[in-house]
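# Structural overview
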Amino acid sequence: MSGELPVDPLALREEVKSKYRDVARNPNGEHHFHTGRPLARRLGYDAALVDSMPDAAVESFAGVANPFALRALDAGEKVVDAGSGGGFDCFVAAQQVGPTGKVVGIDMLPEMLDRSRTAAGLMGLEHVEFREGLLERIPVPDGWADVVISNGVINLCADKKEAFSELWRVMRPGGRLQFGDIANEKPVPAGALSDIDLWTG
Ligand SMILES: C[S@@+](CC[C@H](N)C(=O)[O-])C[C@H]1O[C@@H](n2cnc3c(N)ncnc32)[C@H](O)[C@@H]1O
């Protein structure tokens with residue numbers, strides 16, 4: 001942990017878990033953010049690819065951007081998706097790196113991991129794997145990944161320094177970090193920073 005944090009990281013994590021447990025269990029339920037196929041369409045993902053995926057692979061997508069819009073992945077690359085949720089970006093990555101590549105999705109929520117593993121099985125994707133773990137302690141060796149992706153997760157971490165140093169640790173020298181996230185253009189008042197509801201609200 002690096003220095004004084006604006007909120008209790010454990011309390012925040014529990015709040016985040018309860019929010020996304022609901023997305024995993026009720027993907028088509030009422031959420032205060034866009035999800036699923038409509039969201040993938042809004043964010044400009046390849047429509048033919050998204051249409052080719054079963055509902056189980058797309059319906060709990062809850063990202064905030066399209067990390068592949070920055071640059072498509074190359075065949076054979078090794079990819080880590082930090083905070084993989086229902087696995088949607090892992091399935092897009094799997095299509096780009098092909099069977100000679102490898103994709104590892106990391107998430108702290110068993111309900112999301114179950115969902116993404118089931119979807120990977122449905123699509124017969126053997127080069128995609130999901131591991132339970134934290135962004136702050138990623139269960140991947142140093143320098144393993146050619147590319148690290150993340151979509152809408154770093155903003156949910158109380159200790160950003162710790163999160164970024166872990167993303168850096170698992171990336172090989174010369175590797176790429178392609179992530180989409182929420183950033184504030186102006187400083188957040190301390191009172192708001194310490195209000196956990198605003199972190200997931
Ligand atoms: C906004 S959703 C995004 C999921 C996925 N990236 C997507 O685009 O659909 C946030 C996900 O990150 C996971 N998450 C949040 N904080 C985490 C942390 N510190 N470590 C591991 N997973 C985390 C949650 O369990 C949830 O599945």
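Scroll up for the structure.
## A few points about the pattern of salt bridges
Tallied over the entire structure, the rule returns 13 salt bridges. The shortest N-O distance in the salt bridge between Glu111 and Arg21 comes to 3.1 Å. Taken as a pair, Glu111 in helix H6 (residues 110–122) and Arg21 in helix H1 (residues 9–25) lie far apart in primary sequence, 90 residues in all. Taking relative accessible area as the criterion, Glu111 reaches 22% and is therefore assigned partly exposed. When the shortest N-O distance is used, the salt bridge between Glu129 and Arg131 registers 2.7 Å. Of the residues examined, Arg131 reaches a relative accessible area of 23% and is grouped as partly exposed.

## Thoughts on the packing of aromatic side chains
Evaluation of the coordinates by the stated rule reveals seven aromatic pairs. By way of ring pairs, the aromatic residues Tyr45, Phe61, Phe68 and Phe88 are connected into one cluster.

## So, the site of the ligand
Around the ligand, the surrounding shell holds 22 residues, and the nearest of these are Ala62, Gly83, Asp107, Leu135 and Asn151. Between Glu136 and the ligand, the recorded distance is 3.0 Å, taken from a side-chain N or O atom to a nitrogen atom. Contact between the ligand and Asn151: a nitrogen atom at 2.9 Å from a main-chain N or O atom of the residue. The protein chains hide 98% of the 600 Å² of surface that the ligand would expose on its own. Class assignment for the residues of the shell around the ligand results in twelve nonpolar, seven polar and three charged.

Calculation criteria
Residues numbered from 1 in each chain as written. Predicted model: local features only at pLDDT ≥ 70, side-chain atom pairs only at ≥ 80, totals over all residues. Heavy atoms only, no water. Salt bridge = Lys/Arg side-chain N within 4 Å of Asp/Glu carboxyl O. Helix = DSSP H or I, 4+ residues; strand = E, 2+ residues; numbered from the N terminus. Buried < 20%, exposed > 50% of the residue type's maximum accessible area, 1.4 Å probe, protein only. Phe/Tyr/Trp six-rings, centres within 6.5 Å; stacked < 30°, edge-to-face > 60°. Near = heavy atom within 4 Å. Polar contact = N/O pair within 3.5 Å; in protein donor to acceptor, adjacent residues only side chain to side chain. Areas by Shrake-Rupley, 256 points an atom, 1.4 Å probe, with all protein chains shown as cover. Nonpolar A, V, L, I, M, F, W, Y, C, P; charged D, E, K, R; others polar.

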